[in-house]
Amino acid sequence: MIDWLTLKLDVAHLPEGALSSWQGRAGKILCVDGDGVLKWERTARETIRSDSHQLVVDVAHTDFYLHGSPARVVEGHNVFGSGDPVQCALAMIRFAALHTGISLPEDVTLWRVTRMDVTQSYDLGSPAEVRQALSYLRQSEGGRYQVRTASETVYWSRDSALRSGKAYHKGPHLRYQAKKRQVEVTPEEIGLADRLLRLELSLKSQFWRERSGRAWYEYSEDELEAIHTEFFGRLIGKVEVVEMDSLLERFDRVAPTKGQALAAYRTWSLIRVVGVREAEASMPRATWFRHRKVMFAAGLTFADLHAGNVVPFRRRIIELGKPVRSWAEVARAA
């Protein structure tokens, strides 16, 4: 599903007079110097609300912006929703047009995207298992993906202008939103959300400007899900049970030679004793990357290396590419 969109439109595509009329009703932000002289003035961001639905409208220089969750506009909450970028954008555009009185163009080719959050939910069975999952994911730093944690949320590359990831427990988040009357949910739905681990990939301005290869509206829901799976798959790995006794056999199957398989297994054993950083520092860089390549080919991930152990919950329960997509799916598994 798409949990967040920031849409950008050149004001030249707005009806003549519509923008100035809206700006006349909106608040203003002023900058005044020490002598009381006005240095600049701009229209304040406006939050438009209807029950639980909420979007932010902003004008900066020659651009008109919409920020918000298309899922909340359509569903009244952002637990489940559409992953079709065009459908999501049109829902936001129509909602904003209705509540601002501005006739916004529905030709999506006129709009640009500067942020899109692709989010999936995974049913882990209980709140305790979600918390256990997050405790493992805090150790999944790898390569250029730097980890930060805040409360029960795990962030990867949080400050990147390209893309960033986030894992969190949906139940407490939904409970907070309900308390603030930001969503429309029942107590039963909050209870089901307590079972959900959320993995959120934020595709940011640099991605759409330099890496996407084509316009945002040309992406399908399946393609966005594939990008999501690729990002988190590198951090979390394949979903299958990996028994410690079978690792050497797995190394044998994927390594170029039995000698390299045994050497990689010894490095893995060293990681379990002294930790990944000390193990890496104890050998030549080329050796480390050769052994790590064998480990990854055998199904281990950055999370396993930093934890110093195989992460059983992940391989037994989380199956990337097979998230839950509705309350009914979660209820059937409960």
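All values derive from a computational prediction rather than experimental measurement.

K.L.:
How would you summarise the nonpolar core if you had to cite specific residues and measurements?
P.N.:
By size, the foremost hydrophobic cluster in this structure holds 73 residues, and its most contacted members are Phe64, Leu66 and Phe251. Per-element tally for this core: the top contributor is helix 3 (residues 85-100), with eight residues. If we ignore the near neighbours within four places in the chain, the residues touching Phe64 are Leu7, Lys8, Leu9, Val11, Leu14, Leu19, Val57, Asp58, Val59, Ile102, Leu104 and Trp111.

K.L.:
Let's hear about helix 12 (residues 285-297): which residues, and what values?
P.N.:
For helix 12, which comprises 13 residues, the first-to-last C-alpha distance of 18 Å matches the rise-based estimate of 18 Å (1.5 Å per residue) to within 8%. Buried within helix 12 are the following residues: Thr287, Trp288, His291, Arg292, Val294, Met295 and Phe296. Positive backbone phi, at 110°, marks Gly299, one or two positions downstream of helix 12.

K.L.:
If you had to explain the packing of aromatic side chains to someone new, which residues and values would you point to?
P.N.:
All told, the structure shown has nine aromatic pairs when counted by the stated rule. Aromatic side chains Phe231 and Phe232 sit 5.0 Å apart centroid to centroid with 80° between the ring planes, which places their arrangement in the edge-to-face category. Each member of the pair, Phe231 as well as Phe232, carries the same accessibility label: buried. The structure contains a cluster of three or more aromatic residues connected by ring pairs, namely Trp156, Phe231 and Phe232. Above the ring of Tyr155, the side-chain terminus of Arg158 is found at 4.1 Å from the ring centroid.

K.L.:
Go over the packing of helix 9 (residues 247-254) against helix 10 (residues 258-274) with me, naming the residues and quoting the values.
P.N.:
Across the interface, helix 9 lies against helix 10 with an axial gap of 8 Å and an inter-helix angle of 140°. Considering their axes alone, helix 9 and helix 10 lie oblique with respect to each other. Of the two possible hands of crossing, helix 9 and helix 10 adopt the one that is right-handed. Residue-level contacts link Leu247, Leu248, Phe251 and Asp252 of helix 9 to Lys258, Ala261, Leu262, Ala264, Tyr265 and Trp268 of helix 10. Each residue belonging to the contact of helix 9 with helix 10 can be placed in one class, and the counts come to eight nonpolar, no polar and two charged.

K.L.:
Can you explain the pairing of strand 9 (residues 153-156)? Please cite residues and give values.
P.N.:
Along any regular strand, the residues point their side chains to alternate faces of the sheet. Residue alternation in strand 9 divides its side chains into two sets, Thr153 and Tyr155 and Val154 and Trp156, and both sets are buried. Across four bridges, strand 8 (residues 147-150) lies against strand 9 in antiparallel orientation. Looking at the pairing, Arg148 lines up with Tyr155 of strand 9. Examined bridge by bridge, strand 9 and strand 10 (residues 163-169) share three bridges and lie antiparallel to one another. Residue pairing across strands places Tyr155 opposite Lys166, the latter belonging to strand 10. In sequence, strand 9 turns back onto strand 10 through a hairpin of six residues, with Ser157 there showing a positive phi of about 50°.

Each value, and the rule that gives it
Residues numbered from 1 in each chain as written. Predicted model: local features only at pLDDT ≥ 70, side-chain atom pairs only at ≥ 80, totals over all residues. Heavy atoms only, no water. Core = buried A, V, L, I, M, F, W, Y, C linked by side-chain atoms within 4.5 Å. Buried < 20%, exposed > 50% of the residue type's maximum accessible area, 1.4 Å probe, protein only. Helix = DSSP H or I, 4+ residues; strand = E, 2+ residues; numbered from the N terminus. Contact = heavy atoms within 4.5 Å. Expected span 1.5 Å × (residues − 1). Phe/Tyr/Trp six-rings, centres within 6.5 Å; stacked < 30°, edge-to-face > 60°. Lys NZ or Arg CZ within 6 Å of the ring centre and 35° of its normal. Axes fitted to C-alpha atoms, helices over the stretch in contact; angles between N-to-C directions. Parallel < 35°, antiparallel > 145°, perpendicular 65-115°, else oblique. Left-handed = near helix turned anticlockwise from the far one by under 90°. Nonpolar A, V, L, I, M, F, W, Y, C, P; charged D, E, K, R; others polar. Pairing = 2+ DSSP bridges.

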